[in-house]
Amino acid sequence: MKKYFYSILIASSLFGFNANAQKDEVRKNVINLNLTSLAIAHYGLSYERVVAERMSLRLGAQLASYSLSAGDNKFDMSGWGILPEFRYYVSKKGAPRGYFVGAFVPVRSYTFKGSVTDGAEKYEGQIKLMSFGVGFVTGPQWLLGNRVSLAIPFGFSFGSASWTSELKSTSGTVKSDISVPLLGGFMPRFAVELGVAF
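Here is a short report on the structure shown in this document. Only a predicted model underlies this, so the values are computations on that prediction, with no experimental measurement involved.

Brief notes about the overall build of the protein
- Along its length, the protein carries 1 helix and 11 strands.
- Listed N to C, the secondary structure of the protein is α-β-β-β-β-β-β-β-β-β-β-β in terms of helices and strands.
- Within the protein, the proportion of its 198 residues that are buried is 31%.
- Once local pairs closer than 6 in sequence are excluded, the contacts in the protein between residues at least 24 apart make up 60%.
- Accessible surface, the protein: about 12,500 Å² in total, of which carbon and sulfur atoms supply 67%.

Quick word on the environment of asparagine 73
- Tracing the chain through its elements places asparagine 73 in strand 4 (residues 73-89).
- C-alpha of asparagine 73 to C-alpha of glycine 114: the two residues are 41 residues apart in sequence and 7.5 Å apart in space.
- Dropping the residues within four chain positions of it, asparagine 73 is found in contact with Leu68, Ser115, Val116 and Thr117.
- Separated by 2.9 Å, the side chain of asparagine 73 and the backbone nitrogen of threonine 117 make a polar contact.

Notes on unusual backbone geometry
- Here the amide bond leading from alanine 95 into proline 96 is cis, since omega sits at 5°, within 30 degrees of zero.
- Positionally, proline 96 belongs in the loop between strand 4 and strand 5 (98-104).
- Of note in the backbone geometry, alanine 41 takes a positive phi value of approximately 60° without being a glycine.
- If you trace the backbone, alanine 41 turns up in the loop between strand 1 (29-34) and strand 2 (42-50).
- The exposure class assigned to alanine 41 is buried, which follows from its relative accessible area of 9%.

Points about the packing of aromatic side chains
- For the structure on display, the rule yields 7 aromatic pairs.
- Look at phenylalanine 156 and phenylalanine 158: their rings are 5.7 Å apart centre to centre, the planes differ by 75°, and that puts the pair in the edge-to-face class.
- Exposure remark for phenylalanine 156: the relative accessible area of 31% places this residue in the partly exposed category.
- Looking at phenylalanine 158, the relative accessible area reads 30%, which means it is partly exposed.
- Aromatic ring contacts, followed pair by pair, group Phe136, Phe156, Phe158 and Phe186 into a single cluster.
- In this structure, arginine 87 packs its charged tip against the face of phenylalanine 100, placed 4.0 Å from the ring centre.
- The residue whose ring lies beneath arginine 189 is phenylalanine 104, and the NZ or CZ to ring-centre distance is 4.6 Å.

Cut-offs applied
Residues numbered from 1 in each chain as written. Predicted model: local features only at pLDDT ≥ 70, side-chain atom pairs only at ≥ 80, totals over all residues. Heavy atoms only, no water. Helix = DSSP H or I, 4+ residues; strand = E, 2+ residues; numbered from the N terminus. Buried < 20%, exposed > 50% of the residue type's maximum accessible area, 1.4 Å probe, protein only. Contact = heavy atoms within 4.5 Å. Areas by Shrake-Rupley, 256 points an atom, 1.4 Å probe, with all protein chains shown as cover. Polar contact = N/O pair within 3.5 Å; in protein donor to acceptor, adjacent residues only side chain to side chain. Phe/Tyr/Trp six-rings, centres within 6.5 Å; stacked < 30°, edge-to-face > 60°. Lys NZ or Arg CZ within 6 Å of the ring centre and 35° of its normal.

Structure representation (structure tokens):
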């Protein structure tokens, strides 16, 4: 009987140790979905990799697609974006949990198309936008149950943007090229992200 008792005791101790070890296991990878951007027809996904005790590298990707029509009037928007990012976690727990500060380089491209009918006159337009910049981000990231990630990053970026536009109508065609110099454009950043750590 004593042998069975000691065997059960040892097995229980080992099981408890393994459970605690898994619970305290350091997660090196995080995949997050941007919930905030879904409201504006942007689909954002990011992958974060821990490279040191308090540092990580992150790559975000965005796709945008939106269409709206009312009678003969139509509007379409499509685009993409990539956001390479570096994060430093000030929390004692280290990456990828706790409060962080970081820097990112946003690159975005968008195309806007639309057509409007006004009586006998019909207008068709297109705008292509390309932007590049540098930004700063901060915020908290939690690992719930050491598995589910929840993050609220916020910050801003400055950058340059250039776009071309073309407007066609029964009266003719008008084209223009416009560029905004570096540091000429300001873009705030805020998101609520949910994902998984592994």
